[in-house]
Amino acid sequence: MVDDPDMPLLYALRDNMGLQGPRFGCGLGQCGACTVHLDGKAARSCVTPLSAVGKKKVVTLEGLGSPDKLAAIQEAFITNQAAQCGYCINGMIMEAAAFLANNKSPSEAQIKQALANNLCRCGTHLRIVRAVKRASSIA
Amino acid sequence: MFSGKSNRREFLEAAGILIVSFSLPAFLTPADAQDATSSKTVALDDVDAFLAIDRRGRVTLYSGKVELGTGVSTALRQILAEELDVSLASISLIEGDTALTPAQGKTWGSLSIQVGGLQIRQAAATARQALLQEAGKQLGVAVSDLVVEQATVRAGSGGKQVTYGELIGGKNFSLKVDKQAPLKDPASYKIVGKSIPRSDIPPKVTGQFTYIQDFKTQGMLHGRVIRPPAVGGSLQSVDESSVKDVPGLVKVVRQNNFLGVVAESEWGAIRAARNLKASWSAWDGLPEQSKLWEYVRATKVSKEDVTSNVGNAEQALAQAAKRVSATYDFAIHSHASMGPSCAVAEFKDGKLTCWSASQAPHDLRAQLAAMLSMKDSDVEVIYVEGSGCYGRNGHEDAAGDAALLARAVGRPVRVQWMRDDENGWDPKGPPTLMDLQAGLDASGQVVAWYSQLYVPEGGGGNVKLLAADLAGLPCEKGMFPGNIINNSAIPYAFSNVRTVAHRLAETPFRPSWIRAPGRMQNTFCNEAFVDELAFAAGADPFEFRLRYLTNDPRGTELLKRLQTFAKWQGRSAARSAGSDVASGRGVTYVKYELSRTYVGAVADVEVNRKSGDIFVRRFIIVQDCGQIINPDGVKNQIEGNVVQTVSRTLKEEVTFDRSRVTSLDWGSYPILKFPEVPDIDIDLIDRPAEKPWGVGEPAAAVVPSAVANAVFDAVGVRIRSVPFTPAKVREALRIA
């Protein structure tokens, strides 16, 4: 199916695999909307060429949980109504989930720093921080 | 009363057909929707235009106002559920489909609840009355003895009952909306006024939600557009051999200055667009950015709008004991949506279907039809939610692009703009300049206010489609920046007031509306200048405003409540110059469009005297939007308004050279990041018995001036130019 090893992972996930968690935002690794986990680490799939993925394990938002079986962090986003248009939310959750895996009880300031390179245009930041904080306390 | 004709949905349901198709009732395939087209009324005065009830009592709400990420899809269902007495869970929503939903106007201007919601409420009240009448007949009970709960009507005493599904199921109401149909007493509300969780959030946090960027249709190809490197450049030649090696390339499409590529795969389309060699003529018709305000002042004025005139401001100014004057400006902004615009178009049997995140599907249909010289009735636009637009961004333009490419290749085409398309080519919030003058008498009373606003001509309307313009196809003439002279008049009762808008014949970029268009810029200028006057009069800025808010009890109540909520200490003396980082507080007030939602804000800021950095630590907001439909939804909107506008105020400015926009990514068009976001405290004044007013924009209008006034309180200098960059702060401090 894929004829170009330079194709970013994002397009393989979205177009070849039909996933809708990772989103195209900038194609430049600047906004975070496309974030996935590569071997547990948050990565920008829009600037990760397929050739660099190799045998790494790729997890997308869909892999964290589903509406019937929510991950704690997804549940926390719902509880805090932490979305407006929601286009950035994939990146927020994926970035935060990777961060929380190594930071069990972060402060709000640490959460803000961890998400500093994830952009949200609707201005849902405060709810996102609260959701991540809540997720850290229930995970 | 009810026409006996069973609707198509009921029929299909009975036949056991269950095909889940996007944005259409669960029992209609897209092909069946064509049948629905001919039978479904969309007239604004028909009950059936807004709602339908099937035999199982499930309700379909048809809304011409669309969900832009603000939560209205939940709030509108709350309004319907409340007024009709059905459960929220029983309601499914179809929004923004030109074949199925009433034309309730663009989703703009904070009117989805205030106008769209009230239309739905009245249709629901009419339907409920009709259902009660019918139930009374069937049960042999007087209507006044009937009780309704969860779509079941029962006699007040005794066990007789009948469900909505039994009464109307599958049939049309065939009723005109009755403007006199009695509305429920708000005191009895069970659903309106509650923080019902949004139904779109679970799918959005699990990757199950289908945005326009995810939408697919059978046989769909991928398109990309290639814009002129200089805004007004002309396409001279295209070297198609430059992309002949791109796998799956279907076609290079050229029509005058419209240039696009279509490929089987998305990556193929991206590669083709990147590699395609085209030569364009040079063009350098943009003004020099460093001389933007000179350019604005020199632009031909096409007309003057006097937005208020009381007494004789110019004469009173001349005679005043003390005169104060200042000039304010506000940069060109981009909508800067997180997801670049996207649309899918398909031609079939001479008809066009376009799936779009446009805030105005009905208007977009007319624009696409005009561009392609088709009849409106041969075009259907179906709304699919996209990344937030905050106004008229590029969604409509992507639809125009998709339509042209789909027509050229005879297959469905999805067009996804890239980041530089979005930042470079979304229509822009135009540059705004205001000169203000005021006069005070010897006792510090304001005796004159005279403002002159310089903004492009035009109001709301349909911003021309880029594809039509570039391809030389029929499109709108003129500019449509939104109603940007709103709030240029002021809420304060000074004895002499004149506010004039000089409407300019041109502006550097295709203008459009971005959240609180004009209201934000004008409120910035007015409320920051009011702060200057309060200071000149030696008055506390709260007391100063209250002094002139003479005939508006709701406004007065709001300001007093804010004063208490914010624990306002009164204006303190000039801040000490002891440390590098100084703190300050500023207040601002707006009555949105001088006719509806009231917002008051206090901003707490820190200013670093050395670096010039402003950190907005906290916003305190009191808002009166009348009846509140969903308190948490309102708070979410206020938070969004504050954060987005702090971003616009501190950071945002479209940059350009003489040929083109240069702020094409998030590095060159930065927005606020997490560590920079203020805390926000909100106090809502709920007035259940009043009309619900808009909340999507008003709280944005107060932000820039609240920050400006707080900066002055902190360091004693006025920053009169948005964005408040560190360089501007340092310069103001240097010359102070």
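Definitions and limits used
- Residues numbered from 1 in each chain as written.
- Chains lettered and ligands numbered in written order.
- Predicted model: local features only at pLDDT ≥ 70, side-chain atom pairs only at ≥ 80, totals over all residues.
- Helix = DSSP H or I, 4+ residues; strand = E, 2+ residues; numbered from the N terminus.
- Rg over C-alpha atoms; globule rule 2.2 N^0.38 Å.
- Buried ≥ 20, exposed ≤ 12 C-beta atoms within 10 Å, placed from the backbone.
- Contact = placed C-beta atoms within 7 Å.
- Nonpolar A, V, L, I, M, F, W, Y, C, P; charged D, E, K, R; others polar.
- Pairing = 2+ DSSP bridges.
- Right-handed = clockwise from strand over helix to strand, strands pointing away.
- Axes fitted to C-alpha atoms, helices over the stretch in contact; angles between N-to-C directions.
- Parallel < 35°, antiparallel > 145°, perpendicular 65-115°, else oblique.
- Left-handed = near helix turned anticlockwise from the far one by under 90°.
- Domains from an automatic or database assignment.

### Here's the deal with the overall build of chain A
- For chain A, the helix and strand inventory stands at six helices and three strands.
- The helix and strand sequence of chain A, counted from the amino end, reads α-β-β-β-α-α-α-α-α.
- For 139 residues, the compact-globule formula gives about 14 Å, and the C-alpha radius of gyration of chain A, at 14 Å, lands near that figure.
- Going through the 139 residues of chain A one by one, you find that 56% of them count as buried.
- Expressed as a percentage of contacts within chain A between residues at least 6 apart in sequence, the contacts between residues at least 24 apart total 60%.

### A few points about the overall build of chain B
- Broken down by element type, chain B carries 21 helices and 25 strands.
- Taken against the 2.2 N^0.38 rule, which gives 27 Å for 736 residues, the C-alpha radius of gyration of chain B at 28 Å falls within 12% of a compact globule.
- Principal-axis analysis of the C-alpha atoms gives chain B an extent of 80 × 80 × 45 Å.
- In chain B, 78% of the contacts between residues at least 6 apart in sequence involve partners at least 24 apart.

### Details of the interface of chain B and chain A
- At the junction of the two partners, chain B supplies 48 residues and chain A supplies 47 residues.
- For the side of chain B that touches chain A, the class distribution of residues is 21 nonpolar, 18 polar and nine charged.

### Things to note about the pairing of strand 15 (residues 351-356) of chain B
All names here are of chain B.
- Taking burial as the measure, the six residues of strand 15 include five buried ones, the bulk of the element.
- Counting the residues that bridge the hairpin from strand 14 (residues 342-348) to strand 15 gives two residues, and of these D349 lies at a positive phi of roughly 50°.
- As for the winding sense of the linkage, the β-α-β connection from strand 15 through helix 11 (residues 361-371) to strand 16 (residues 379-383) is right-handed.

### Examining the packing of helix 18 (residues 631-650) of chain B against helix 20 (residues 703-715) of chain B
Residue and element names in this part refer to chain B.
- Viewed as axis vectors pointing N to C, helix 18 and helix 20 meet at an angle of 60°, and their least axial separation amounts to 9 Å. By the angle between their axes, helix 18 is oblique relative to helix 20. Pair helix 18 / helix 20 crosses with right-handed handedness. Here V642, T645, V646 and T649 of helix 18 come into contact with helix 20, specifically with V703, P704 and V707.
- Here the contact of helix 18 with helix 20 is built from residues that sort into five nonpolar, two polar and no charged.

### Topic: the packing of helix 16 (residues 541-548) of chain B against helix 17 (residues 553-565) of chain B
Residues and elements named next belong to chain B.
- For the pair helix 16 and helix 17, the least separation of the axes is 10 Å and the interaxial angle reads 170°. Relative to helix 17, the element helix 16 lies roughly antiparallel. As for how helix 16 packs across helix 17, the hand of that crossing is left-handed. Facing helix 16, whose interface residues are F542, R545 and L546, helix 17 presents T556, L559 and Q563.
- Partitioned by chemical class, the residues of the contact of helix 16 with helix 17 number three nonpolar, two polar and one charged.

### As for unusual backbone geometry
- The peptide bond linking V722 of chain B to P723 of chain B adopts the cis configuration, its omega dihedral lying at 5°.
- Structurally, the position occupied by P723 of chain B is in the loop between strand 25 (721-722) and helix 21 (726-735).

### Focus: the domain arrangement of chain B
All names here are of chain B.
- Partitioning chain B into domains gives domain 1 (8-196), domain 2 (212-282 + 335-425) and domain 3 (518-735).
- With centres defined by C-alpha atoms, the gap from domain 1 to domain 2 works out at 36 Å.
- Opposite the 16 residues of domain 1 that make contact, domain 2 presents 16 residues.
- In terms of residue class, the side of domain 1 that touches domain 2 is made up of six nonpolar, six polar and four charged.

### Structural notes on the environment of P517 of chain B
Residue and element names in this part refer to chain B.
- You can see P517 is positioned in the loop between strand 20 (497-504) and helix 15 (519-536).
- Overall, P517 belongs to the buried group, with 28 C-beta atoms counted inside 10 Å.
- Considered as a pair, P517 and P202 are 315 residues apart in the sequence and their alpha carbons are 32 Å apart.
- Residues within four places of P517 in sequence aside, it is in contact with G391, G429, P481, G482 and I484.

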